[in-house]
Amino acid sequence: KAADGMQQAKDYAQILGLQFAYATNGKEILEFNFITGLETKIDKFPTPDELWNRLNVFEPVKNDIKETYLKPFVTIPKKEIRYYQQIAINKAIKSILEGKPRALLTLATGTGKTTIAFLIIHKLWNSRWNRKGEYRRPKVLFLADRSVLITDPHAKDFALFGDARCLVPDEGLTSSREIYFSTYQSLAEDGNRVGAFRQLPRDF
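Residues numbered from 1 in each chain as written. Predicted model: local features only at pLDDT ≥ 70, side-chain atom pairs only at ≥ 80, totals over all residues. Heavy atoms only, no water.

Draft legend 1. View of the pattern of salt bridges. For the structure shown, the criterion picks out nine salt bridges. A salt bridge links Asp157 to Lys79; the shortest N-O distance between them is 3.9 Å. Pair noted here: Asp157 is in the loop between helix H6 (148-155) and strand S5 (165-167) and Lys79 is in the loop between helix H3 (63-70) and helix H4 (83-97), with a separation of 78 residues, a long-range link. Accessibility expressed as a relative area gives 30% for Asp157, which makes it partly exposed. Linking Lys94 and Glu98 is a salt bridge whose minimum nitrogen-to-oxygen distance equals 3.0 Å. On the accessibility criterion, Glu98 (26% relative accessible area) is partly exposed. Residues participating in the shared-partner salt-bridge network are Lys94, Glu98 and Lys100. (Salt bridge = Lys/Arg side-chain N within 4 Å of Asp/Glu carboxyl O. Helix = DSSP H or I, 4+ residues; strand = E, 2+ residues; numbered from the N terminus. Buried < 20%, exposed > 50% of the residue type's maximum accessible area, 1.4 Å probe, protein only.)

Draft legend 2. How the structure looks around the environment of Val168. The topology assignment puts Val168 in the loop between S5 and strand S6 (179-183). A C-alpha to C-alpha distance of 9.5 Å links Val168 and Ile150, two positions 18 residues apart in sequence. Dropping the residues within four chain positions of it, Val168 is found in contact with Ile150, Leu173, Tyr180, Phe181, Ser182, Ser186 and Leu187. (Contact = heavy atoms within 4.5 Å.)

Following this line, the structure appears as structure tokens:
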């Protein structure tokens, strides 16, 4: 019976923050709708557009952010975006576009944090999103606690950004770049040095 797998489908959907769960045995299809709390037998799976329309009634995306939010991710050669990465990116992007001051994504080792960061940054950068609504690309700071965790992404994953990148402090804190890579230690302030971040305006 299709119902035999429904509880497992519901558990997965809740873990991933999804509103619809499906179970099938190849003959019948069951849908559980977390919005209504109803389980229904259906003839065929809904299309992506149908699901989007239903979801958008429950969790509406504002018209002024819809174009950026729905813009496809840039394709990364030989790397398919995993389902949980896509969910994380979408939730972070929606929070940012809605003006929320911060969002926290917590991911284990090997789950693709750099890929997620790259895709979030690329979508915002490519759409020229910034907090002031000006026609310019955003300024981004990519921080890590070890040099290899910034030099590798700078040289490999983020190569697409070309001259928009800046490796701090090797290239210094020039104000003309858009994506800055640094370790915490390089920007830090302590008893022996003034923090490098102080070279930039407060609203940079």
